[in-house]
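Residues per chain, in single letters:
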Amino acid sequence: MGSVQRSIFFSAIERYGGLLLFFISTAILSRLLTPAEFGIYAVVNAVVAIIAASFQEFGGANYLIQKQDLTESDTRTAFTVTFCISLFLALMLVLFGKAFVVLFKQSGLDIGMAVAALNFLLTPFSVVISALLRREMAFGKLALCNLIANFVGAAVSILLGVLNFSFMAPIWGGVAINLVLTILLLATSHNIRIFKPSLSNCSDVLKFGMYSGGVGLMNVFYNLSPQLFLGRILDFTAVGLYSRAIGVTQVFDKLVGQVLGPVIMPAIFAENRAGIGLRKIYLDSVTLLSAVQWPALTFLAILAHPIILVWLGPTWLEIIPLVQLLCVANLALFAACLTYPVLVAVGHVRDALISSCISLPPSLLLIFAASFISIEAVAASALLTLPLQALVAIHFVSRHLNIKPRDLLRATSKSALVTVASAIPTIVCASLGAFQLITPIVGLLIACFGSALCWLLGLIAARHPLLPLLQQAGSALFGPLKLRFILPARRNAVR
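All of the points below concern the structure found in this document. Remember, it's a predicted structure, so these values are computed and weren't measured experimentally.

1. Some points on the side chain of R244
Looking at where R244 falls in the secondary structure, it is placed in helix α11 (residues 236-249). One buried charged residue, R244, forms no salt bridge at all, with the nearest opposite charge on E37 at 9.9 Å. Within the structure, the side chain of R244 is placed 3.3 Å from the side chain of S30, a separation counted as a polar contact. For R244, the contacting residues outside a window of four places in its chain are T26, S30, F38, L312, W316 and I319.

2. Observations regarding the packing of helix α13 (residues 278-302) against helix α15 (residues 320-330)
Between α13 and α15, the least distance of the axes is 9 Å, while the angle of their chain directions is 165 degrees. Judged by the inter-axis angle, α13 sits roughly antiparallel to α15. As α13 runs across α15, the sense of the crossing is left-handed. Contacts between α13 and α15 pair Q293, L297, L300 and A301 from the former with V323, Q324, C327 and N330 from the latter.

3. Some details on unusual backbone geometry
With a phi angle near 55 degrees, S166 is a residue other than glycine that sits in the positive phi range. Structurally, the position occupied by S166 is in the loop between α8 (139-162) and α9 (168-188). The backbone of Q436 shows a phi angle near 60 degrees, a positive value even though the residue is not glycine.

4. Remarks on the layout of surface pockets
Remark: the empty space left among the atoms is shown by a probe the size of a water molecule rolled over them. Roughly 300 Å³ of volume is contained in the second largest pocket. Contributing to the lining of the second largest pocket are 16 residues, with L132, L133, E136, S189 and I194 lying nearest its centre. Listed by contribution, the elements that provide at least two residues to the lining of the second largest pocket are α4 (72-95) and α7 (118-135). Each residue belonging to the lining of the second largest pocket can be placed in one class, and the counts come to 6 nonpolar, 6 polar and 4 charged.

5. Some points on the environment of A46
Structurally, A46 can be placed in helix α2 (residues 35-53). When its relative accessible area of 0% is taken as the criterion, A46 is described as buried. Separated by 197 residues in sequence, A46 and S243 place their C-alpha atoms 10.0 Å apart. Look past the residues within four positions of A46 in its chain and what remains in contact with it is L224 and L228.

6. Points about the pattern of salt bridges
Two side chains with opposite charge may pair up if their charged atoms get near one another. As enumerated under the stated definition, the model contains 6 salt bridges in all. Its salt-bridge partner being D351, residue R399 comes within 3.3 Å of it at the nearest N-O pair. Residue R399 is found in helix α18 (residues 375-401), and its partner D351 is found in helix α17 (residues 349-371); the two are separated by 48 residues along the sequence. Look at D351 and you get buried, because its relative accessible area is 8%. With a shortest N-O distance of 3.2 Å, D407 and R410 are connected by a salt bridge. Within this pair, D407 and its partner R410 are both found in helix α19 (residues 405-434), separated by 3 residues, close to a single helical turn. Assessed through its relative accessible area of 8%, D407 is described here as buried. Because the salt bridges share partners, they merge into one network encompassing R279, D407 and R410.

7. A word on the side chain of N178
With respect to the secondary-structure elements, N178 resides in helix α9. Take N178: its relative accessible area is 18%, and that puts it in the buried class. In this view, N178 contacts N119, L122 and T123; residues no more than four positions away in its chain are not counted.

8. Observations concerning a nonpolar patch on the surface
Together, L87, L91, L95, F96, L118, L121, L159, L163, F165 and W172 give the surface a local cluster of nonpolar side chains, amounting to about 940 Å² of exposed area. For the nonpolar patch, the secondary-structure elements that each account for two or more residues are α4 and α7. The greatest single-element share of the nonpolar patch, amounting to 3 residues, is contributed by α4. Among the structural elements, L121 can be located in helix α7. A relative accessible area of 35% places L121 in the partly exposed class.

9. Regarding the packing of aromatic side chains
Within the structure shown, the criterion is met by 14 aromatic pairs. Between F79 and F125, the ring centres sit 5.0 Å apart and the planes meet at 55 degrees, which makes this aromatic pair tilted. One end of the pair, F79, is in helix α4; the other, F125, is in helix α7, and 46 residues separate them in sequence. Under the relative-accessibility criterion, F125 is labelled partly exposed at 21%. Judged by centre distance (6.1 Å) and plane angle (70 degrees), the rings of F83 and F125 are edge-to-face. Within this pair, whereas F83 is found in helix α4, its partner F125 is found in helix α7, the two being separated by 42 residues in sequence.

10. Here we look at helix α16 (residues 336-345)
Of all 10 residues in α16, 8 are buried, a share of seventy percent or more. Residues of α16 that are buried: L338, T339, Y340, P341, V342, L343, V344 and A345. G347 lies just past α16 and shows a positive phi near 80 degrees.

The rules behind these values
- Residues numbered from 1 in each chain as written.
- Predicted model: local features only at pLDDT ≥ 70, side-chain atom pairs only at ≥ 80, totals over all residues.
- Heavy atoms only, no water.
- Helix = DSSP H or I, 4+ residues; strand = E, 2+ residues; numbered from the N terminus.
- Buried < 20%, exposed > 50% of the residue type's maximum accessible area, 1.4 Å probe, protein only.
- Lys, Arg positive; Asp, Glu negative; His and termini not counted.
- Salt bridge = Lys/Arg side-chain N within 4 Å of Asp/Glu carboxyl O.
- Polar contact = N/O pair within 3.5 Å; in protein donor to acceptor, adjacent residues only side chain to side chain.
- Contact = heavy atoms within 4.5 Å.
- Axes fitted to C-alpha atoms, helices over the stretch in contact; angles between N-to-C directions.
- Parallel < 35°, antiparallel > 145°, perpendicular 65-115°, else oblique.
- Left-handed = near helix turned anticlockwise from the far one by under 90°.
- 1 Å grid on protein atoms, 1.4 Å probe; cavity = no way out; pocket = protein on both sides within 12 Å on 5 of 7 lines; lining within 4 Å.
- Points joined across faces, edges and corners; volume = space filled by probe spheres on them.
- Nonpolar A, V, L, I, M, F, W, Y, C, P; charged D, E, K, R; others polar.
- Patch = residues over 30% accessible without salt bridge, like charges linked within 9 Å, V, L, I, M, F, W, Y side chains within 5 Å.
- Areas by Shrake-Rupley, 256 points an atom, 1.4 Å probe, with all protein chains shown as cover.
- Phe/Tyr/Trp six-rings, centres within 6.5 Å; stacked < 30°, edge-to-face > 60°.

Okay, structure coming up:
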């Protein structure tokens, strides 16, 4: 395997291992926490994530990865800036914890904020080491550290949930993840001098962070704004239901997006340095991503009822229409994970911020208005906001890479055919389940097998570019196994 394929392989091991833990812990915690308790956790998590997004790009992963000639001085400065901002924001979160209690009229938020603030003392260390490992494409070490940390965090969350820690259980679980991850990553670092304070290249770090941090902050705030609006306007049960619907909808992102996400930026820079044009990289990536994203979201939307019933239990059946609406809306984001890395690669990270400034304010306004109606209205607003964001982002990328609408249509046409083919058995199983001719578990098993088979047949019929990559991956993974079985047999035959 090449370095990119090997990186994707290790990233997949990490993400799919983490996804398995996510499925198990979510299924257990969904039965230990009420929607209202999960809603309180979701608000704490939203506030912390928004604050974290405001400082992590100042010397964070993207700065260290995109830097052409990275020196130890650059790394030390990046860590110093990140740590100082992180420490300041952690103190602010603790000091103003009572303000969130008053704002949301919910006791306990201040304690949750104070505990979650502990993450800010750990994050600068893990962010810097993780970025250096990603820059070196050392995803094997990173995968092992993340898997161990996620396992410990899931175990802590479940144990505290059983002990009736309520919404504090997953908050302490998050702290456990960051603590274990930081310890493991520090153990892999052979150069502790990178944590020695320095401000020698401070202006360079802050210049990149202004644009990159602005993009990250706006996008994170947009993604988490429904939880904040619903918590203030409706109640925490609504927050819990909507947050869980978002979590279910993002299963595809955990299956594919988060596997490719850590690899995309360093891979794009590596491929570009190797002489492969960014235009070709972008269109090829769109073709591959849409062939996986569209069938996955279609599968989830059609079979939302049995999936939620089996996975989360009957308590959460209210989120079925939310999941279906969000899945349809997310079909527009087939190229979303490529926008930022490509704009950074062409030297126009500022355009990523401008794109967000154009599309996110009207989207936020629409979500805010929908919050006064119902959680279903908030989910339905995504049918307008996500396509708007996708169109604006694609416009900025297309302008730099000279991509026409017909190029995107050509890049996604085969993926559309594959999506239709994979949806046929899903629709059949959903219909049989609706008439109670098969049980939810049996329907899901048949649908998974049938959709996977039809998806593969669709790739073959459409001659999709993803097919040869799957064949190469299969040969790389199973070829060595075949040799291990064949060679001993031949040796025994010779003897």
